[in-house]
Amino acid sequence: MAPISTSREEFDEIPTVVGIFSAFGLVFTVSLFAWICCQRKSSKPSKTPPYKFVHVLKGVDIYPESLDSKKKFGADEKNEVKNKSAVPKNSLHLDLEKRDLNGNFPKTNFKAGSSSDLESVTPKLSSEGGKEVVSPDSLKSSTSLTSDEKQEKLGTLFFSLEYNFEKKAFVVNIKEACGLPAMDDQSMTSDPYIKMMILPEKKHKVKTRVLRKTLDPAFDETFTFYGIPYTQIQELALHFTVLSFDRFSRDDVIGEVLIPLAGIELTNGEMLMNREITKRNVRKSSGRGELLISLCYQSTTNTLTVVVLKARHLPKSDVSGLSDPYVKVNLYHAKKRISKKKTHVKKCTPNAVFNELFVFDIPCEGLEEISVEFLVLDSERGSRNEVIGRLVLGAAAEGAGGEHWKEICDYPRRQIAKWHALCDG
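Reading guide: rules and limits
Residues numbered from 1 in each chain as written. Predicted model: local features only at pLDDT ≥ 70, side-chain atom pairs only at ≥ 80, totals over all residues. Heavy atoms only, no water. Core = buried A, V, L, I, M, F, W, Y, C linked by side-chain atoms within 4.5 Å. Buried < 20%, exposed > 50% of the residue type's maximum accessible area, 1.4 Å probe, protein only. Helix = DSSP H or I, 4+ residues; strand = E, 2+ residues; numbered from the N terminus. Contact = heavy atoms within 4.5 Å. Pairing = 2+ DSSP bridges. Axes fitted to C-alpha atoms, helices over the stretch in contact; angles between N-to-C directions. Salt bridge = Lys/Arg side-chain N within 4 Å of Asp/Glu carboxyl O. UniProt positions renumbered as here; feature names shortened; annotations may be inferred.

Report on the nonpolar core, specifying residues and quantitative values.
Core analysis: the biggest nonpolar cluster contains 34 residues, and F170, L238 and F240 have the highest contact counts within it. Those elements that provide at least two residues to this core are strand 2 (156-164), strand 3 (169-178), strand 4 (192-199), strand 6 (218-226), helix 6 (230-233), strand 7 (237-244), strand 8 (252-260) and strand 9 (271-276). Excluding residues within four positions of it along the chain, F170 makes contact with L161, E162, Y163, I198, F223, T224, F225, I228, I233, L238, L261 and L266. Counting residues in each nonpolar core, the second largest holds 30 residues, with A311, F354, F358 and L422 among its members.

Right, dumping it as structure tokens:
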């Protein structure tokens, strides 16, 4: 009986040993898995997608740099510009702590006044290694004003340019605008914001936030464009459009600034610049272009067939010289819009071919109280589309529009096509 009791004790000890080894194995497996995950995470390379912009508000970069490493705008300038004889007292420097609730600086900091004030605001290159700043004398062709434009001051735009060679990124910081005109006649103020576009490629469009009720907005917003080689910078140009937001109608255009980047060196770090805001380039073509329209009135079904065929000689919508036109067709009955249609967008062409047909049901007998409005617009991503030209056909229309309408009334079931000159929208 003694040998039997000994074997039972051995069998009782086996589960205990197995449990201990299983616990140690589980701990080792979990530790090994955690170590492998940490190694994989640390070995992942940081990738920056090409042509993606980084929006920075109030001098704090939100991606991809860490927030701890960022400083307020003006800190670098304080450290670098220590010699008072090298930099004038009125050099461009913004103290973020002096802003009001709208994020604006006091009006006494900058004055959109005489050229002498601008020269003091924008110092030239310091002989002791300071940052290079373009003086107002450079690029005179883009900032020269005619005698008529000088009478109407549109303000000054302050911004900076920089190129990050490590990340191959082009950085534009829109700092502030001073001395803007009042676009609201009642409150005698504006709600400004700025749209920026890189030319000649029209796809890189960004815009700042809207600052309410101010003529001296301080934006301090940075846009970073990745994937642009430094050798390509010289072939580009920056186009700034200063606008005033309007809640109930189309935003008012205050003016524009065009900066060709040819000849501007960004190898010495951030470059501070300022430019006078000029009146928006008025279309200098003979008109707004022409639109080929075909109409047919079916008296039996009481329908109106409208075919938008072509557009030609459309003017430049902006300094890039490229428009993305499309046509909106609005049907009116007794001055009330009852139906609307629109064509597809045609990319980058002043001579668009649409060939799109629309059929409208007429709610009354005859066409005496019916009119058709054609709006040719330039498609803008992320903002309101600009009206290139307008055309109205109806019984009350004058000139060629009235004649065309009379013909389709006199000759029903006949498709009649004519070219029409567009007028201001």
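Talk me through unusual backbone geometry; I want residue IDs and the actual numbers.
At N355, a residue that is not glycine, the phi angle is positive and equals roughly 55°. For N355, the position within the fold is in strand 14 (residues 353-361). A positive phi angle, close to 65°, is found at R413, a residue other than glycine. Note on placement: R413 falls in the loop between helix 7 (400-410) and strand 17 (416-421). R413 sits in the exposed class, given a relative accessible area of 52%.

Let's hear about the sheet that holds strand 12 (residues 325-333): which residues, and what values?
Taken in spatial order, the 4 strands make up an open sheet running 13-12-15-16, and their pairing is antiparallel. Either end of the sheet is taken by a strand with one partner, and the two such strands are strand 13 (336-342) and strand 16 (386-394). Across the sheet, the mean angle separating the axes of adjacent strands is 20° when strand polarity is ignored. With respect to the sheet, helix 7 is in contact with strand 15 (370-378) and strand 16, its orientation differing from that of strand 16 by roughly 45°.

Go over the pattern of salt bridges with me, naming the residues and quoting the values.
A side chain with one charge can pair with a side chain of the opposite charge if their charged atoms come near. Under the counting rule described, the total for this entry stands at 7 salt bridges. R209 is paired through a salt bridge with E221; the nearest N and O atoms lie 2.3 Å apart. Of this pair, R209 sits in the loop between strand 5 (205-207) and strand 6 while E221 sits in strand 6; the two residues are 12 residues apart in sequence, bridging distant segments of the chain. Judged by its relative accessible area of 0%, E221 is buried. Residue E373 pairs with R390 through a salt bridge whose shortest N-O separation is 2.7 Å. Highlighted residues: E373 in strand 15 and R390 in strand 16, separated in sequence by 17 residues. By relative accessible area, which is 9% here, E373 ends up buried.

Can you explain the environment of V242? Please cite residues and give values.
Mapped onto the elements of the fold, V242 is located in strand 7. Along the sequence, V242 and V253 sit 11 residues apart, while their C-alpha atoms lie 6.3 Å from each other. In this structure, V242 is in contact with L180, Y193, I194, D252, V253, I254, G255 and I277, ignoring residues within four places of it in sequence.

Can you tell me about the UniProt feature "transmembrane region" (unreviewed entry) in the chain, naming the residues and giving the values?
Annotation from UniProt places "transmembrane region" (unreviewed entry) at residues 17-38. Taken end to end, residues 17-38 is 100% helix and 0% strand, and its two terminal C-alpha atoms sit 32 Å from one another.

Help me get a handle on the sheet that holds strand 14, residues and values and all.
Taken in spatial order, the 4 strands make up an open sheet running 14-11-10-17, and their pairing is antiparallel. A strand with exactly one partner marks an edge of an open sheet, and here the two such strands are strand 14 and strand 17. Within the sheet, the average angular offset between the axes of one strand and its neighbour, ignoring direction, is 25°. In the packing of helix 7 onto the sheet, the strands contacted are strand 10 (290-298), strand 11 (303-312) and strand 17, and the crossing angle to strand 17 comes to about 170°.

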